[in-house]
Amino acid sequence: MVDNINVSSEEKEYPYVVSIKFKGTKKSYYFGMHENNVTDKDYVVVETIRGIELGEVVGEVHKTEEVKLNAALKPIIRKATSTDIKNNEHNKVLAEEALEICRQEVEKLKLDMNLISAEYTLDRSKVIFVYVADDRVDFRELLKELASALKCRIELRQIGMRDKAKIVGGLGTCGMETCCSRFLTEFDVVSINMAKNQLLALNTQKLSGQCGKLMCRLRYE
């Protein structure tokens, strides 16, 4: 059973802001609040551009004027209840089932795309599929089949090979977890000149990471 969630995006000014982090990401985002009633590590229900999601509070609440903001704030709807947290865990199970259904449809339609993950919004009004593809994919028929099978809105999100490596994770040549999945929040341009400046042998195979691109660490080693 999913709680009814009333969202009002009309109010754009909030006296307080706090950083929120989402599952599988290192980066946090500011959200607006009308009351200072959450603390570090609390779970909250928030409105995002993807829909209604569960996030985790990171750090302290700040007054809005104390923080430099580059975009309009989305709201924190409420502190998460035990029901919200249970629904979020159940959604993970449903997402695995949805991913398998999507894989079967992709195979049936012979689409050249590699599915990476699936995730439901907290209210299960939408499921987001993440995929990698070398070329543009005509997934109109796939959308019809998925909407019929899953009875909700479908979003197909294409990502690059660096983003795939970040999601999948793994070990780098140094023996540690890859930089992208361990601490990087943004991908910067990496050029072969960075390897030249470090007097490294210009062997692109040895200088490339799991994504097939030049290793991110060349920027700061």
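Residues numbered from 1 in each chain as written. Predicted model: local features only at pLDDT ≥ 70, side-chain atom pairs only at ≥ 80, totals over all residues. Heavy atoms only, no water.

J.: Just to check I follow, could you spell out the side chain of Asp84 for this structure?
T.: Within the secondary structure, Asp84 is located in helix H1 (residues 82-109). A distance of 2.8 Å separates polar atoms of two side chains, one belonging to Asp84 and the other to Arg78. (Helix = DSSP H or I, 4+ residues; strand = E, 2+ residues; numbered from the N terminus. Polar contact = N/O pair within 3.5 Å; in protein donor to acceptor, adjacent residues only side chain to side chain.)

J.: I tried to follow unusual backbone geometry on my own but got confused; where do I start?
T.: The bulk of non-glycine residues show a negative phi, and the bulk of peptide bonds are trans. Positive phi values are uncommon outside glycine, yet Lys41 reaches one of about 80°. With respect to the element layout, Lys41 can be found in the loop between strand E2 (28-33) and strand E3 (43-47). Phi at Arg124 takes a positive value of approximately 60°, unusual for a residue other than glycine. Note that Arg124 resides in the loop between strand E6 (114-120) and strand E7 (126-132).

J.: How should I be thinking about the sheet that holds E6 in this particular structure?
T.: Strands in a sheet are paired, the pairing made by backbone hydrogen bonds, and the direction either parallel or antiparallel. Spatially, the three strands line up as an open sheet ordered E6-E7-E8, and their pairing is mixed. The open sheet terminates on both sides in strands that have one partner only, identified here as E6 and strand E8 (153-158). The average undirected angle you get between the axes of adjacent strands in this sheet is 20°. Contacts between H1 and the sheet are confined to E6 and E7, with E6 contributing the most and set at about 145° to the helix. Contacting E6, E7 and E8, helix H2 (residues 140-150) runs over the sheet at an angle of about 135° to E8. (Pairing = 2+ DSSP bridges. Axes fitted to C-alpha atoms, helices over the stretch in contact; angles between N-to-C directions. Contact = heavy atoms within 4.5 Å.)

J.: Mind showing me how you'd approach the nonpolar core here?
T.: In summary, soluble globular proteins display a tendency toward joint burial of nonpolar side chains. If you look at the biggest cluster of nonpolar residues, it comprises 22 residues, and the most contacted ones within it are Met113, Leu115, Tyr120, Val127, Phe129, Leu150 and Ile154. Elements that contribute at least two residues to this core include exactly H1, E6, E7, H2 and E8. Top contributing element to this core by residue count: H1, with six residues. When neighbours within four sequence positions are excluded, Leu150 is seen to be in contact with Ala98, Ile101, Tyr120, Val127 and Phe129. Counting 11 residues, the second-largest nonpolar core is a separate cluster that includes Val18, Ile20, Phe31 and Met33. (Core = buried A, V, L, I, M, F, W, Y, C linked by side-chain atoms within 4.5 Å. Buried < 20%, exposed > 50% of the residue type's maximum accessible area, 1.4 Å probe, protein only.)

J.: Teacher, can you tell me more about the pairing of E2 here?
T.: The side chains of a regular strand alternate, residue by residue, between the two faces of the sheet. Where strand E1 (residues 16-21) lies against E2, six bridges are found, and the strand directions are antiparallel. In the sheet register, Val17 faces E2, and the bridge partner there is Gly32. Here E1 folds back onto E2 in antiparallel fashion, the turn holding six residues, of which Gly24 has a positive phi close to 80°. Relative to strand E5 (residues 74-79), E2 runs parallel, the two sharing two bridges. In the strand pairing of E5, Phe31 is matched with Lys74.

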